[in-house]
Structure formats: structure tokens, C-alpha cells
Amino acid sequence: MSTKKKLAVAKALEKAGFVEEVKSKGGILNLSVTFSHKSPVMMDLRIVSKPGRRVYYKLSDIEAKRGPSIFLVSTPKGIVTTKEAKKIGSGGEIIAEIW
């Protein structure tokens, strides 16, 4: 994964509230995880799309998604969360599932 893509994923996590702060300096990415009541907000992260198996969802598949977890979706508008993908009306490659 390229550095730009890693930074875009980190910014999407920050926007979703899972990461408190994102710093990028000299090719090194530092993330501060958000805590609520002394426990991390992000409990687990599962990589969905892999080099040997890409997973793509249409907008209707993303809208049908229910439950406490969210997806990070790579759309033509950039890397966004499930909520933002519904808002812009676009599907794409599912990068990760977070809960």
C-alpha cells in the first residue's frame, strides 16, 4: 500500500473518530488511538480486500450493511467510511472492517 493511501486511511479513521490525531513526518505515520472510559474506541480491525482477493460492494450492498461495524471504502472520491459512501452515493473496494 502506498504512503498516500496509508495517510488517506488514517485520515478516514480520524474523521470517523477511531483515531484522535494523525501526524506524518518524513515518511513516518504516527497515530493516537481514541479512548473512551479508559478503553479504546476501535476494538478490532479486519482487512477485507487483499492483493489476491479484492472485494467490491455496490452502493446497495453498502446500504444493506447493518451492525456496529463500519467499512473503509475506496471510492472514486477517495477513501471514506460507510456513512460517507452512502452520502456521496458511491460503492467501491472494501479495504477494512472496523468495530
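Our subject is the structure listed above.
Keep in mind that this is a model prediction, so the values were computed, not measured.

Caption draft 1: Up close: helix H1 (residues 3-16). With 14 residues, H1 extends 20 Å between its outermost C-alpha atoms, agreeing within 8% with the 20 Å of an ideal straight helix rising 1.5 Å per residue. The inward-facing, buried residues of H1 abut strand S1 (19-25), strand S2 (28-33), strand S7 (70-75), strand S8 (78-81) and strand S9 (92-98). A positive phi of about 95° marks Gly17, the residue just after H1.

Caption draft 2: Fine view of the side chain of Thr82. If you trace the backbone, Thr82 turns up in helix H3 (residues 82-88). Judged by its relative accessible area of 6%, Thr82 falls in the buried class. In contact with Thr82, other than residues within four places in its own chain, are Ile62, Ile70 and Phe71.

Caption draft 3: Fine view of the packing of aromatic side chains. Summed over the entire model, instances satisfying the criterion amount to 1 aromatic pair. Relative to Phe71, the ring of Tyr57 has its centre 5.6 Å away and its plane inclined at 85°; by these criteria the two rings are edge-to-face. Of the two residues, Tyr57 is situated in strand S6 (residues 56-57) and Phe71 in strand S7; the sequence distance between them amounts to 14 residues. On the accessibility criterion, Tyr57 (30% relative accessible area) is partly exposed. Judged by its relative accessible area of 6%, Phe71 falls in the buried class. Just above the ring of Phe71 sits the side chain of Lys65; from NZ or CZ to the centre is 5.5 Å.

Caption draft 4: Structural view of the environment of Ile98. Counting through the fold element by element, Ile98 comes out in strand S9. For the pair Ile98 and Arg46, spaced 52 residues apart in sequence, the C-alpha separation works out to 6.5 Å. In this structure Ile98 touches Leu13, Phe18, Met42, Asp44, Leu45, Ser69, Ile70 and Leu72, once residues within four positions along its chain are discounted.

Caption draft 5: Just the environment of Met42, in detail. Its location among the elements puts Met42 in the loop between strand S4 (39-40) and strand S5 (45-47). Discounting residues that sit within four places of it in the chain, Met42 has contacts with Phe18, Ile98 and Trp99.

Caption draft 6: Just unusual backbone geometry, in detail. The phi dihedral of His37 is positive, around 55°, even though this residue is not glycine. Structurally, the position occupied by His37 is in the loop between strand S3 (35-36) and S4. Residue classification places His37 among the exposed positions, given a relative accessible area of 79%.

Thresholds, definitions, all that
- Residues numbered from 1 in each chain as written.
- Predicted model: local features only at pLDDT ≥ 70, side-chain atom pairs only at ≥ 80, totals over all residues.
- Heavy atoms only, no water.
- Helix = DSSP H or I, 4+ residues; strand = E, 2+ residues; numbered from the N terminus.
- Expected span 1.5 Å × (residues − 1).
- Contact = heavy atoms within 4.5 Å.
- Buried < 20%, exposed > 50% of the residue type's maximum accessible area, 1.4 Å probe, protein only.
- Phe/Tyr/Trp six-rings, centres within 6.5 Å; stacked < 30°, edge-to-face > 60°.
- Lys NZ or Arg CZ within 6 Å of the ring centre and 35° of its normal.

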